[in-house]
Amino acid sequence: MVKKILITGGTGLIGRKLTQLLLESGYQVAHVSRSKNTSTNPPTFAWDLNENYLDPEALNGVEAIINLAGASVADKKWSESYKKVILESRVKSTNLLFERLQKADHQVKVFLSASAVGIYPDDRGNQVFYEDGPHATNFLAEVTGAWEQEVDKIATLGIRTVKFRIGVVLSKSGGALSKMLLPIKLGLGAPLGSGQQYMSWIHELDLCRMFVFALENENLKGVYNAVSPEAKTNDEFSKAIAKSLNKPYFLPNIPGFLIKLMMGEMAGMVLGGNNVSCKKIQNAGFQFKFGKLNAALGELLVG
Ligand SMILES: NC(=O)c1ccc[n+]([C@@H]2O[C@H](COP(=O)([O-])OP(=O)(O)OC[C@H]3O[C@@H](n4cnc5c(N)ncnc54)[C@H](OP(=O)(O)O)[C@@H]3O)[C@@H](O)[C@H]2O)c1
């Protein structure tokens, strides 16, 4: 069993929850961050992607790396310069790790990386996407494809690698769910666009448990969809939130063109969506705690 784990982007939404779960499970954890703060627990090592710099001490004693770093795709409008940040924060960071693992003496046996379901086409109605499914040609799919290619380079070093194509992470501490909650809490919930676009989601705890599962199961390698077994349409999803909160849900659909006007190219993230299968990770033996949306929302919003 690996003991010491280095997490890039460990300060983020998934990283904080995963760090907590790993520490509770008896692992040692360190973070890599753009801001070094040696007094923090867990210990944090600095990197600077513009300088191609990673603290030379960062890999000491590390047996597994969990790669989560990447600039948010939802917090800022996608200007051309910010699109470059979104891409480079994933590609350059993973390439820097590849270079260090290639050159340095190290004990790393496992490399687990975030990826995203945005790699699949988002306009195919009920079509279900498996790991060998087609890739889209939009910006997010191109970023995700380039990111996965960097992870594949690490696999060529003989390190076991797992890529998790993550769906919308439902969390108590922010992310997509908190953005969806606000209008619904005000009684202004409505389907976005047609409302028929699928959302493939996962409860934050199940995602973190999936990373631990991949650490502990040496048979796991390659790409896995990290989504719950119950994808929902945008309309069904918003309705379920409204029901959990005892809020009305009656307003007409918000037209897609208005959302495009407000969000620009980013609108694709809410107007598009895909129905992604988790059969592969289930067949590998992973069991969800929150496989059903009502159970997940019950824990996150009520319990
Ligand atoms: N949350 C979701 O719904 C979801 C869905 C699919 C895929 N994912 C992917 O999973 C990963 C983790 O998600 P998350 O929600 O935890 O993300 P997050 O909260 O935005 O955190 C990502 C971390 O990446 C680091 N980072 C941010 N900008 C960076 C930059 N320009 N260069 C290098 N590092 C940067 C930050 O760490 P420091 O500030 O410490 O450097 C940050 O804490 C992301 O790569 C995301 O694309 C997330």
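Going by the structure above, here's the rest.
Just so you know, these numbers come straight off a predicted model, no measurement behind them.

Participant: What is the right way to look at the site of the ligand in this model?
Facilitator: Of all residues adjacent to the ligand, which total 23 residues, the nearest are Thr 11, Ile 14, Ser 33, Arg 34 and Arg 90. Separating an oxygen atom of the ligand from a backbone N or O atom of Val 169 is a distance of 3.0 Å. For the ligand, the protein covers 80% of the area, taking 880 Å² as the surface of the free molecule. Looking at the shell around the ligand residue by residue, the class counts come to 13 nonpolar, eight polar and two charged.

Participant: Please clarify how the packing of helix α4 (residues 176-185) against helix α6 (residues 234-244) should be interpreted in this entry.
Facilitator: Packed helices, taken two at a time, are described by the angle between their axes plus the distance between the axes. Put simply, α4 and α6 touch, their axes get as near as 10 Å, and they point 65 degrees apart. The pairing of α4 with α6 is recorded here as roughly perpendicular in orientation. Of the two possible hands of crossing, α4 and α6 adopt the one that is right-handed. Residues Leu 177, Met 180, Leu 181 and Ile 184 of α4 form the contact with α6, whose own contacting residues are Asn 234, Phe 237, Ser 238, Ile 241 and Ala 242. Classifying every residue of the contact of α4 with α6 gives seven nonpolar, two polar and no charged.

Participant: Can you help me understand the packing of aromatic side chains in this one?
Facilitator: Here a ring pair, both rings aromatic, is described through the centre-centre distance and the interplanar angle of the planes. Evaluation of the coordinates by the stated rule reveals six aromatic pairs. Ring geometry for Tyr 120 versus Phe 129: centroids 5.5 Å apart, planes at 15 degrees, classification stacked. One exposure class covers both Tyr 120 and Phe 129, and it is buried. Taking the centre distance of 5.0 Å and the plane angle of 75 degrees together, the rings of Phe 164 and Phe 211 count as edge-to-face. In this pair, Phe 164 is assigned in strand β8 (residues 160-166) and Phe 211 in helix α5 (residues 204-216), connecting sequence segments 47 residues apart. Note on accessibility: Phe 164 and Phe 211 belong to one class, buried. Each member of the aromatic cluster is reached from another via a ring pair, and the members are Phe 164, Phe 211 and Tyr 224. The ring of Phe 139 carries Lys 83 above its face, with NZ or CZ at 5.0 Å from the centroid. For the cation-ring pair, Lys 280 lies above Tyr 224, with the distance from its terminal atom to the ring centre recorded as 4.4 Å.

Participant: Can you walk me through the packing of helix α1 (residues 13-24) against α5 in this structure?
Facilitator: Viewed as axis vectors pointing N to C, α1 and α5 meet at an angle of 55 degrees, and their least axial separation amounts to 9 Å. Taken together, α1 and α5 sit at an angle that is classed as oblique. Here α1 runs over α5; the crossing is right-handed. Only Glu 204, Leu 207, Cys 208, Arg 209, Phe 211, Val 212 and Leu 215 of α5 make contact with α1, whose side of the interface consists of Ile 14, Lys 17, Leu 18, Leu 21 and Leu 22. Across the contact of α1 with α5, the residue classes break down as nine nonpolar, no polar and three charged.

Participant: For this particular structure, what's the right way to read the layout of surface pockets?
Facilitator: To find leftover empty space, a probe the size of one water molecule is rolled over the atoms. When its volume is computed, the second largest pocket comes out at roughly 160 Å³. The residue makeup of the lining of the second largest pocket, split by class, is four nonpolar, no polar and four charged.

Participant: Explain unusual backbone geometry here, please?
Facilitator: Note: most residues except glycine have negative phi, and most peptide bonds are trans. Of note in this structure, Asn 52 is not a glycine but carries a positive phi near 50 degrees. Its place among the elements puts Asn 52 in the loop between β3 (44-48) and β4 (53-54). Among the residues examined, Asn 52 registers a relative accessible area of 35% and is labelled partly exposed. The phi dihedral of Asn 246 is positive, around 55 degrees, even though this residue is not glycine. Within the element layout of this structure, Asn 246 appears in the loop between α6 and α7 (256-263). Residue classification places Asn 246 among the exposed positions, given a relative accessible area of 71%.

Participant: Quick question: what am I supposed to make of the sheet that holds strand β12 (residues 222-226) here?
Facilitator: Within a sheet, adjacent strands bond to each other through the backbone by hydrogen bonds, running parallel or antiparallel. Here eight strands make up an open sheet; going across it, the order is β4-β3-β2-β1-β5-β6-β8-β12 and the pairing mixed. The two strands at the open ends of the sheet, each matched to only one other strand, are β4 and β12. Where β3 meets β4, two bridges bridge the pair, whose relative direction is antiparallel. When the sheet's bridge partners are listed, Asp 48 is paired in β4 with Tyr 53.

Reading guide: rules and limits
Residues numbered from 1 in each chain as written. Predicted model: local features only at pLDDT ≥ 70, side-chain atom pairs only at ≥ 80, totals over all residues. Heavy atoms only, no water. Near = heavy atom within 4 Å. Polar contact = N/O pair within 3.5 Å; in protein donor to acceptor, adjacent residues only side chain to side chain. Areas by Shrake-Rupley, 256 points an atom, 1.4 Å probe, with all protein chains shown as cover. Nonpolar A, V, L, I, M, F, W, Y, C, P; charged D, E, K, R; others polar. Axes fitted to C-alpha atoms, helices over the stretch in contact; angles between N-to-C directions. Helix = DSSP H or I, 4+ residues; strand = E, 2+ residues; numbered from the N terminus. Parallel < 35°, antiparallel > 145°, perpendicular 65-115°, else oblique. Left-handed = near helix turned anticlockwise from the far one by under 90°. Contact = heavy atoms within 4.5 Å. Phe/Tyr/Trp six-rings, centres within 6.5 Å; stacked < 30°, edge-to-face > 60°. Buried < 20%, exposed > 50% of the residue type's maximum accessible area, 1.4 Å probe, protein only. Lys NZ or Arg CZ within 6 Å of the ring centre and 35° of its normal. 1 Å grid on protein atoms, 1.4 Å probe; cavity = no way out; pocket = protein on both sides within 12 Å on 5 of 7 lines; lining within 4 Å. Points joined across faces, edges and corners; volume = space filled by probe spheres on them. Pairing = 2+ DSSP bridges.

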